[in-house]
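Fold and geometry: a report
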Amino acid sequence: MLTVEQIMASQKASIETLLGLTSKAFEGVEKIVELNLTASKAALAESAENAKAMLSVKDAQELMALQSAMLQPLAEKTAAYSRHLYDIASGSTAELSKALEGQTAEAQKKFMGLVDTAAKNAPAGSESAVAVMKSAVDAANNALESVQKAVKQATEAAETNFNSATASAVDAVKTGAKKR
């Protein structure tokens, strides 16, 4: 069946995969932390500018105009931040999914190799049991592929909905700011 060298090679490959996935996950976290730091610095600087502008207001009409002028860029920046955050998350998820799909394909290939080896070494008269086992493995592989396709379609639909919602929110704020 399996030799010690094969088991050790499999374990080594698994550890390398785990370390690679962990590294990818940390890269995503680093990008999010960097985005948050950049957004925080920009928000702090903008808040200082807005406070200075508010202190220089002379009447209520000027205050309303200033608030309206501040609202649109805030909505656009919030949408841009959300989009950037979504891009980081979906990029990290795509990389992890790709790596996991590769590992799954490799595991399926190895398992099918084991099934074929077992079939070759099976005693005479067990052909039907081997055929049932191969059929079950094929069915499981087909089910896994169907699930992966469904997840990809759901992800694409979610991304489309996210983009539409973001665009609608920015448009609504622009329309509201123009009416004032």
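What you are looking at is a predicted structure, and each value in this text was computed from that prediction instead of being measured. (Residues numbered from 1 in each chain as written. Predicted model: local features only at pLDDT ≥ 70, side-chain atom pairs only at ≥ 80, totals over all residues. Heavy atoms only, no water.)

1. Some points on the overall build of the protein
To keep things clear, this is the line we draw: Helix and strand definitions here come from DSSP, where helices need a minimum of 4 consecutive H or I residues and strands a minimum of 2 consecutive E residues; each element is numbered from the N-terminal end. Every radius of gyration here is taken over C-alpha atoms, with the globule rule written as 2.2 Å times N^0.38, N being the number of residues. Only protein chains enter the calculation, and the probe is 1.4 Å; a residue is then buried if its accessible area is under 20% of its type maximum, exposed if over 50%, and partly exposed in between.
Helix and strand counts for the protein come out as three helices and zero strands. Along the chain direction, N to C, the helices and strands of the protein fall in the order α-α-α. Its C-alpha radius of gyration of 28 Å places the protein more than 25% over the 16 Å reference for a compact globule of 180 residues. In terms of overall dimensions, the protein has C-alpha extents of about 95 × 30 × 10 Å along its principal axes. Counting over 180 residues, the protein shows a buried share of 12%.

2. Quick look at helix H2 (residues 60-121)
Our working definition: A helix is expected to reach a length of 1.5 Å times the quantity of its residues less one.
Between its first and last C-alpha atoms H2 spans 90 Å; for 62 residues at 1.5 Å apiece the expected length is 92 Å, and the two agree. Those residues of H2 not exposed but buried are Leu66, Ser68, Met70, Ala75, Ala79, Tyr86, Ile88, Ser92, Met112 and Val115.

3. Details of helix H1 (residues 4-55)
Operational definition: The contact criterion used throughout is that any non-hydrogen atoms of two residues lie within 4.5 Å.
Along its 52 residues, H1 runs 76 Å from first to last C-alpha, staying within 8% of the 76 Å computed at 1.5 Å per residue. Every buried residue belonging to H1 is among Thr17, Leu21, Gly28 and Leu35, and all of these are buried. In this structure, the buried residues of H1 make contact with H2.

4. Comments concerning the environment of lysine 120
Summarising the element assignment, lysine 120 is placed in helix H2. A C-alpha to C-alpha distance of 9.5 Å links lysine 120 and valine 130, two positions 10 residues apart in sequence.

5. A word on the packing of H1 against H2
Applied cut-off: In this analysis, axes come from line fits to C-alpha atoms, helices being fitted only over the stretch in contact, and the angle between any two N-to-C directions falls in the range 0 to 180 degrees. Orientation labels follow simple angle bins: below 35 degrees gives roughly parallel, above 145 gives roughly antiparallel, 65 to 115 gives roughly perpendicular, and whatever is left gives oblique. The residue classification treats Ala, Val, Leu, Ile, Met, Phe, Trp, Tyr, Cys and Pro as nonpolar and Asp, Glu, Lys and Arg as charged. All others, Gly included, are polar.
Taken N-terminus to C-terminus, the directions of H1 and H2 make an angle of 175°; their axes are 10 Å apart at the nearest point. Judged on the interaxial angle alone, H2 and H1 are roughly antiparallel. When its residues are assigned to classes, the contact of H1 with H2 shows 15 nonpolar, eight polar and five charged.

6. Section: the pattern of salt bridges
Any two side chains of opposite charge can pair, given that their charged atoms come close. The criterion, for reference: In the sections that follow, a salt bridge refers to a side-chain nitrogen of Lys or Arg positioned within 4 Å of a carboxyl oxygen of Asp or Glu.
Summed over all chains, the structure comprises three salt bridges. Its salt-bridge partner being lysine 24, residue glutamate 95 comes within 3.4 Å of it at the nearest N-O pair. Of this pair, glutamate 95 sits in helix H2 while lysine 24 sits in helix H1; the two residues are 71 residues apart in sequence, bridging distant segments of the chain. According to the relative accessible area criterion, glutamate 95 is partly exposed, its value standing at 36%. For lysine 77, the salt bridge goes to glutamate 46, with nearest N and O atoms at 2.1 Å. Of this pair, lysine 77 sits in helix H2 while glutamate 46 is found in helix H1, placing the two residues 31 residues apart along the sequence.

7. A look at the confidence of the model for the protein
As a reminder, the rule being used: pLDDT: the predictor's confidence for each residue, scored from 0 to 100.
Residue-level pLDDT values for the protein average 82, and 93% of them are 70 or greater. Taken element by element, the protein is modelled with least confidence in helix H3 (residues 127-179), mean pLDDT 75, and with most confidence in H1, mean pLDDT 89.

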